[in-house]
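# Tertiary structure, described
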Amino acid sequence: MLDTNQILQEPGLRITAAEKASILERMPPPAPNGQIYIDGVFEGGGVRGIAFLGALRCCADVGLSWRKVAGTSAGAITAALVAANFQIDHLEKIIGSMNFMEFLTEKTSSLILNGNPADDLSHPLWLILWLQLAGKSGQYSGEPFRRWMAGMLRKQGLTSFSSLKEQSSDGVMRELKVVTSDISRGEMLVLPDDLPNVEEQRGYRDPGEFEIAEAVRLSMSIPLFFEAGKLGGSKIVDGGILSNFPLWIYDFKPGKTQQICPRWPTFGLRLVHRNNQQGKPITGPFDVLRAMFSTMMVARDQYHLGQGKQDRVIDIDVTDAQVTATEFNLGDDKKRVLYRIGYLAMKDFLLGNASTGQPPWNWDEHLRRRGFDPVECRQEYAARS
């Protein structure tokens, strides 16, 4: 059981009243209901996504609420729970008491033999061999996870994407987008937006009817680890192989002639590992294969991050947690480390960190980086109201 209250009592960890006031001074003007909203994009990263929980607690301590959210894989799980508007205390209880191994209770075949799930993907050749013998595309069924996610969402009155259109208890309509990879057609799909583009092939009359839990299950179907999902005649896997960190998802589309000032900031929460940022020696064909797969997953997102987006990104360095993406059997000690890392990363992003040279986050600077004039935006906000 993850006791978050114990972690939050650690000296110097939690946001103070003075720090909260300082952060709120640099935020956009509140909504008519007095609330300050933020949009969020959450990166994939398997069970290391527990770090997002700490970041969510930090935002709740400041008094920020989420409105439009999106994610890939583990990030899609977080985004869906945020869109369901679980209060942070409730969310911490859900995640803190969760046994992730329950998601691995249904193997796709008795012929698949494996040991510790934490290092399954470290030996892809053996994994592929077992799957080939069994005639399966993945070791585990994603159905236990889908059932769990569907049950969680039903507690908040959510089933399909259309149910998000109904106003929640705070009067705010939230939005959710989930990234998946269609490996049959070789394309990325953003659900539910892209369903009408393939309506004829897949038979969905209304994308709003699509089940949120199924969309998230498709997005978190780690290739070879989980069985590929199906969408009509296509095989769908983890969205991370095409865009693991879709920060671009709520930006204005190319060719839009008139850009409206964003009312709220978009924050991207990214899980980083220092070992992945170092060059790796490539000496043989298997090294080439691994490097190609890794590049495919991150190249597009890394390019986008290089285009002046860094003031929107919270880098959550999970290196010291020593947790692999598929370590579903991780213990409470590692959960605590991830939670603490997430809280501190969000805190440093909002307050700034003198030791790393990171300045305090500022709404006006955020607007300038996105190509808007803060003065003109304030005038536009006043005209809208």
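Please read all numbers here as calculations on a predicted model, not as lab measurements. (Residues numbered from 1 in each chain as written. Predicted model: local features only at pLDDT ≥ 70, side-chain atom pairs only at ≥ 80, totals over all residues. Heavy atoms only, no water.)

As a further point, take the state of the cysteines. What the rule picks out here adds up to 1 disulfide. One disulfide bridge connects Cys-261 with Cys-377, the sulfur atoms lying 2.2 Å from each other. Between Cys-261 and Cys-377, the S-S dihedral sits near -85 degrees, and the bridge is therefore left-handed. Of the two residues, Cys-261 sits in the loop between helix H10 (240–243) and strand E9 (266–272) while Cys-377 sits in helix H14 (residues 374–384), which places them 116 residues apart along the sequence. By relative accessible area, which is 1% here, Cys-377 ends up buried. Note on Cys-58: no disulfide assigned, nearest cysteine sulfur contributed by Cys-59 at a separation of 5.8 Å. (Disulfide = S-S within 2.5 Å. Helix = DSSP H or I, 4+ residues; strand = E, 2+ residues; numbered from the N terminus. Buried < 20%, exposed > 50% of the residue type's maximum accessible area, 1.4 Å probe, protein only.)

So, about the pattern of salt bridges. According to the stated counting rule, one finds 19 salt bridges in the structure shown. For Arg-369, the salt bridge goes to Glu-365, with nearest N and O atoms at 3.4 Å. With Arg-369 and Glu-365 both in helix H13 (residues 363–369) and 4 residues apart, this pair spans about one turn of that helix. By relative accessible area, which is 44% here, Arg-369 ends up partly exposed. Here Glu-365 falls in the partly exposed class, since its relative accessible area comes to 33%. Overlapping salt bridges, with partners in common, bring together Arg-14, Arg-57, Asp-61, Asp-89 and Glu-92 in one network. (Salt bridge = Lys/Arg side-chain N within 4 Å of Asp/Glu carboxyl O.)

Closest axis-to-axis distance for the helix H7 (residues 143–155)/helix H9 (residues 212–219) pair is 8 Å, and the angle between their directions is 140 degrees. With respect to their mutual orientation, H7 and H9 come out oblique. Regarding H7 and H9, the two cross each other, and that crossing is right-handed. Here Glu-143, Phe-145, Arg-146, Met-149, Ala-150 and Leu-153 of H7 come into contact with H9, specifically with Ile-212, Ala-213, Glu-214, Val-216 and Arg-217. Looking at the contact of H7 with H9 residue by residue, the classes come out as 7 nonpolar, no polar and 4 charged. (Axes fitted to C-alpha atoms, helices over the stretch in contact; angles between N-to-C directions. Parallel < 35°, antiparallel > 145°, perpendicular 65-115°, else oblique. Left-handed = near helix turned anticlockwise from the far one by under 90°. Contact = heavy atoms within 4.5 Å. Nonpolar A, V, L, I, M, F, W, Y, C, P; charged D, E, K, R; others polar.)

On to the packing of helix H3 (residues 50–62) against helix H12 (residues 332–351), then. Interhelical geometry of H3 versus H12 gives an angle of 45 degrees and a closest axis separation of 6 Å. Taken as axis vectors, H3 and H12 run oblique relative to one another. Remark: the crossing between H3 and H12 carries right-handed chirality. Note on element contacts: H12 touches H3 through Lys-335, Leu-338, Tyr-339, Gly-342, Tyr-343, Met-346, Lys-347 and Leu-350, opposite Ile-50, Ala-51, Leu-53, Gly-54, Ala-55, Arg-57, Cys-58, Cys-59, Asp-61 and Val-62. Of the residues that constitute the contact of H3 with H12, the class distribution is 12 nonpolar, 2 polar and 4 charged.

A few words now on the environment of Arg-48. The topology assignment puts Arg-48 in the loop between strand E1 (36–42) and H3. When sequence neighbours within four positions are dropped, the list of residues in contact with Arg-48 reads Leu-271, His-273, Val-318, Val-323, Thr-324, Ala-325 and Leu-338.

This brings us to the environment of Glu-43. The residue Glu-43 is located in the loop between E1 and H3 in this model. The spatial distance from the C-alpha of Glu-43 to the C-alpha of Pro-246 is 7.3 Å, given a sequence separation of 203 residues.

Bringing the side chain of Asn-353 into the picture now. Note that Asn-353 resides in the loop between H12 and H13. Since its relative accessible area comes to 16%, Asn-353 is described here as buried. In this structure the side chain of Asn-353 is engaged in a polar contact, spanning 2.4 Å, whose partner is the side chain of Ser-355. (Polar contact = N/O pair within 3.5 Å; in protein donor to acceptor, adjacent residues only side chain to side chain.)

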